[in-house]
Structure formats: C-alpha cells, structure tokens
Amino acid sequence: MHDPTHHAQDESGPALPASLIERFRRIRAVSESICAPLQIEDYVVQSMPDASPPKWHLAHVSWFFEAFVLQPFLPGYRVLDEAYDLLFNSYYETHGKPFPRASRGLLSRPGVAEVYRYRQHVDAAMDELLARPPADHSAEILRRVELGLQHEQQHQELLLMDILHLLAQNPLRPAYRSDLRPAPTQLPDEPHWRDYPGGLQQIGHGGEGFAFDCETPRHRQFLEDFRLASRPVNCAEYLAFIADAGYARPELWLADGWNLVHQAGWRAPLYWQREDGQWREMTLGGLRPLDLQAPVCHISFFEADAYARWAGARLPSEAEWEVAARDLPISGNFRESDHLHPVAAPPTAAMAQLYGDVWEWTASAYRPYPGFRPLSGSLGEYNGKFMCGQMVLRGGCCVTPQTHIRASYRNFFYPAMRWQFAGLRLAKEA
C-alpha cells in the first residue's frame, strides 16, 4: 500500500495511551508464549495448505505492523530485510505480491532465530512510534494499531489450531503441552429449549469499542419467533448420530456434504479415533479418552447441518444467535482458562456456553450487511473480499482470547473445514 504519509515529517505529538502501549507489549508476548512449548522443528512444518507454520504466523503479524503502521508513519524507519515483504504478506494484492499460501512450509529460511529478531526489530520501532507519534496522524495510528492487535489475537487462535493439526499428523500423537488444566467432571445434563420472541431486531456492531468492518453497519432484521437449545450438542449426543448411521444416510445431508463424506471417507469428527472399542480424541494435551459431556468440536458445517436435521431441528441464523447472546456476559472457557479444549457445561437453567468452548456454526452465509463499506486502501482486503462461499460461526472457542470476542463478532470458514474448534447448537421455530 502506497500511503501518502510515508515520508511525513510531522512534529511529534503526545504518546498514545499507556494502556495501549502496555496492551501492545502484552499481546505480542502472548504469541511468543504460545510457541514456547514447541520444538524447533515444529516451527517450520505446514501440515496442509489451509494451515501455516508457526514461524510464518510470528513473522506475518510483525509484517502487518511494519507494512501498515511503521512504514507509513515512522519517519526514517528501515526494514530489517526487504524480502520479508514478499515472504510474509498473506493476501494483500494491492500492497504487493504475496508468497503462495500453500508453499509457506517450504520457507526454511529465514530461520526461527531470525524471525524472532524480526519481531524484536518491529517491536522496538513500534515502541518508538507509540511514544512519539506524528501529531497529524495519531488518530489513524491508533486505529491501525488496534486493528493490528486484534489481527494478532486472531493469529494466536490460528496458531493453536494449526499446531494441533500438525501434531495430529504424527503417529506418536505428541502433546503440545502435558500440563494443561484438567477438565471439570460434570454430571450428564439434558438440554432444554429457550424461547425468544421475533420481530424487528437490531443486528451488528453499533456501540463503543473495536469491531471489524464486517460486523457493521448495525441494521434491522425481521425474525420469526424461535427457540435455542440451552447448550451445544455434546459428544455423547453426536455418538448417537454416528451409531444411527448418520454418516451413511443421504437424506440427512446437503449434496455437497454427501459427496465430501464419500470422497474424504468421513465417519466421525476430525481427530476422533476408535481403538479397542473406545473412542479417543487428539487434543493439544495429546490423545485422550473422549469426554462425552463436552461439546463436540472439529466438525464441518455439513456435519453440523446433517446432525441438526437428524435431531429434528436446524442450525440458528447468525441474527438469532446474536439476539440470544447480546445481553449475556462474555464469560466462559476461553484460552485464558488453559484447558485449550472444550469442557462440559455445568447444569444450569440459563443458556450455557454461548461464549467460549466451541465456535457455533450458523445457517447464515458470510455476506455483507446492508450498507457495508470496507476499509479504505489495502486494509479493505481484510474481510470484504472473502464474502463468498463461506458460513458464519459465532461465540468464540476454547483457544480464543477472551478480550477478542463480542456478541457481534462474525467468524467465517468454508463449509468443509474442520480443523477449527467448531461445534453446533440446535434451533427450532417456536
């Protein structure tokens, strides 16, 4: 992106808020702490085209600050290596030429130590800029730094997703960490239905605080009366679907999903395996017995949709989900809980686990809201150009940073994807 402020020589203004500088340092440190348990070989491997090596994640989020904050706004900033603009650009075609995504695992150089030096180089320059931002551009710097921090938190979740997928390819089934907080033991809890009135509802972000452009503008949607299950579908319930030949009954599946079941040989969620008559699941803590009371996860939209049809229900729309969640506190099993896996819901009469544990597939396509306008310049590529062929998920998961989520947050994946921590909650007409 060619920004006219690149050579700005403005007088320095006051430092940006100390709370922002502290947040910048804290969030940047979290990315490195996530990688601390890895062996050096783990940093380089790309287990599938949709995943990225941990080393690339660490470099890319640094490139984001360099390309969109430092180069435009820090007079005299010098890049550490000009080649990094090619290697670590993800998909910003208007900025430059991105390195092919599926080939990121071929980048044995720069080495891991050089990537950490790159992070230090960017962090030092960011400290300088945040302490003395150009006065005429402090508001835009603040906006871009906030976007960069939210972007890095997205990649922290992706890091853990990709690490799990990488380790799951190894027949040794190595644990990412053997010291994760154990899951609480809960008694089986039957879900119940909660009724919600329909009518004209306000959807989308319209208040204070950060939101991605795709969450805006706030707008009206008409909903019929609906019902939501009080918790996500758990593993025991999903096992009943499997036992009832759920993967072998074409009447339950969308056509694309049915074709994929046969092509890919799906018979259970990703990371599930049956050994000696027992179901086990590959987790970030290694191979474990299946927790029957925990929410099922690592299922595709097609599997979620087929299960809902088998259960005599459907998936909620994203508007229905947001109406149910918007007045609830944002609390639950997030990355900070240190389970790094969904856990069973405690018995409750209220709605459980709308936030955390698993991203919940909705029946809504990822499309622009009425009146949507992407950000200007290269940053307009952040979300808008992906609004085709993907489905919306809501609520965050067990590896999402808690400060990163809100009721209006729209995650999105292609309907066949399963490596994210995705599950489902049932809905019905009231």
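Our subject is the structure that appears above.
Procedures and definitions
Residues numbered from 1 in each chain as written. Predicted model: local features only at pLDDT ≥ 70, side-chain atom pairs only at ≥ 80, totals over all residues. Heavy atoms only, no water. Helix = DSSP H or I, 4+ residues; strand = E, 2+ residues; numbered from the N terminus. Polar contact = N/O pair within 3.5 Å; in protein donor to acceptor, adjacent residues only side chain to side chain. Contact = heavy atoms within 4.5 Å. Axes fitted to C-alpha atoms, helices over the stretch in contact; angles between N-to-C directions. Parallel < 35°, antiparallel > 145°, perpendicular 65-115°, else oblique. Left-handed = near helix turned anticlockwise from the far one by under 90°. Nonpolar A, V, L, I, M, F, W, Y, C, P; charged D, E, K, R; others polar. Phe/Tyr/Trp six-rings, centres within 6.5 Å; stacked < 30°, edge-to-face > 60°. Buried < 20%, exposed > 50% of the residue type's maximum accessible area, 1.4 Å probe, protein only. Lys NZ or Arg CZ within 6 Å of the ring centre and 35° of its normal. Pairing = 2+ DSSP bridges. 1 Å grid on protein atoms, 1.4 Å probe; cavity = no way out; pocket = protein on both sides within 12 Å on 5 of 7 lines; lining within 4 Å. Points joined across faces, edges and corners; volume = space filled by probe spheres on them.

The subject of this paragraph is the side chain of His 404. Take His 404: it is sitting in the loop between β9 (391–394) and β10 (411–413). In this structure the side chain of His 404 is engaged in a polar contact, spanning 2.8 Å, whose partner is the side chain of Gln 150. Within the local environment of His 404, its side chain forms a polar contact with the side chain of Gln 153, the two groups lying 3.4 Å apart. Beyond its immediate stretch of four places on either side in the chain, His 404 contacts Gln 150, Gln 153, Gln 154, Phe 212 and Tyr 409.

Glancing now at the packing of helix α1 (residues 18–35) against helix α2 (residues 54–73). In contact at an axis separation of 10 Å, α1 and α2 are set at 165 degrees when each is read in the N-to-C sense. One finds that α1 runs roughly antiparallel with respect to α2. Crossing hand, α1 versus α2: left-handed. The residues of α2 that touch α1, namely those facing Phe 24, Arg 28, Ser 31, Glu 32 and Cys 35, are Pro 54, Leu 58, Val 61, Ser 62 and Phe 65. Per-class residue counts for the contact of α1 with α2 are 6 nonpolar, 2 polar and 2 charged.

This next bit is on the packing of aromatic side chains. What the rule picks out here adds up to 33 aromatic pairs. Ring centres of Tyr 366 and Phe 412 lie 3.9 Å apart, and the angle between their planes is 5 degrees; this geometry places the pair in the stacked category. In this pair, Tyr 366 is assigned in the loop between β8 (359–365) and β9 and Phe 412 in strand β10, connecting sequence segments 46 residues apart. Summarising the burial analysis for this pair, Tyr 366 and Phe 412 share the class buried. Taking the ring centre of Tyr 369 as reference, the NZ or CZ of Arg 410 above it sits at 4.1 Å.

Where α2 meets helix α5 (residues 138–168), the axes come as close as 9 Å, and the angle between the chain directions of the two elements is 175 degrees. It follows from the interaxial angle that α2 and α5 lie roughly antiparallel. Of the residues belonging to the contact of α2 with α5, the class tally is 16 nonpolar, 5 polar and 4 charged.

Moving on: the sheet that holds strand β4 (residues 226–229). In spatial order, the strands read β1-β4-β12; together these 3 strands make up an open sheet with antiparallel pairing. Since the sheet does not close on itself, it has two edges, and those belong to β1 (193–196) and β12 (427–429), each with one partner. Neighbour-to-neighbour, the strand axes of this sheet turn through a mean angle of 25 degrees, independent of strand direction. Sheet topology places β1 next to β4; 4 bridges connect them, and they run antiparallel. Bridge assignment links Arg 194 to a residue of β4, and that residue is Leu 228.

In spatial order, the strands read β10-β9-β8-β11; together these 4 strands make up an open sheet with mixed pairing. Among the strands making up the open sheet, the edge pair consists of β10 and β11 (422–423). Of the strand pairs in this sheet, β8 and β9 are connected by 3 bridges, and their pairing is antiparallel. Bridged to Ala 365 within β9 is Met 391.

The next subject is empty space enclosed by the protein. On inspection of all chains with the given rule, the structure shows 2 cavities of 30 Å³ or more. Its residues placed into classes, the lining of the largest cavity shows 3 nonpolar, 3 polar and 2 charged. As a volume, the second largest cavity reaches approximately 30 Å³. The wall of the second largest cavity is formed by Val 45, Gln 46, Ser 47, Ala 51, Ser 52, Pro 53, Pro 54, Asp 162, Ile 163 and Leu 166. By residue class, the composition of the lining of the second largest cavity is 6 nonpolar, 3 polar and 1 charged.

We now examine helix α8 (residues 301–310). Since the α-helix advances by 3.6 residues per turn, residues separated by three or four positions end up pointing in the same direction. Counting buried positions along α8 gives 8 out of 10 residues, so the element sits mostly inside the fold. For α8, every residue scored as buried is listed here: Phe 301, Phe 302, Glu 303, Ala 304, Asp 305, Ala 306, Tyr 307 and Ala 308. Structurally, α8 contributes buried residues whose contacts are with α6 (235–243), α7 (255–264), β8 and β9. Just past α8, the residue Gly 312 takes up positive phi, approximately 75 degrees.

A word on the layout of surface pockets. Of the pockets and cavities examined, the largest pocket occupies roughly 780 Å³. Contributions of two or more residues to the lining of the largest pocket are made by α2, α5 and β10. Ranked by residues supplied to the lining of the largest pocket, first place goes to α5 with 6 residues. Its residues assigned to classes, the lining of the largest pocket shows 15 nonpolar, 11 polar and 6 charged. Approximately 320 Å³ is the volume attributed to the second largest pocket. Taken together, 20 residues form the lining of the second largest pocket, with Ser 331, Gly 332, Ala 352, Gln 353 and Tyr 355 sitting closest to its centre.

In short, shape yes, function no, at least from these values alone.
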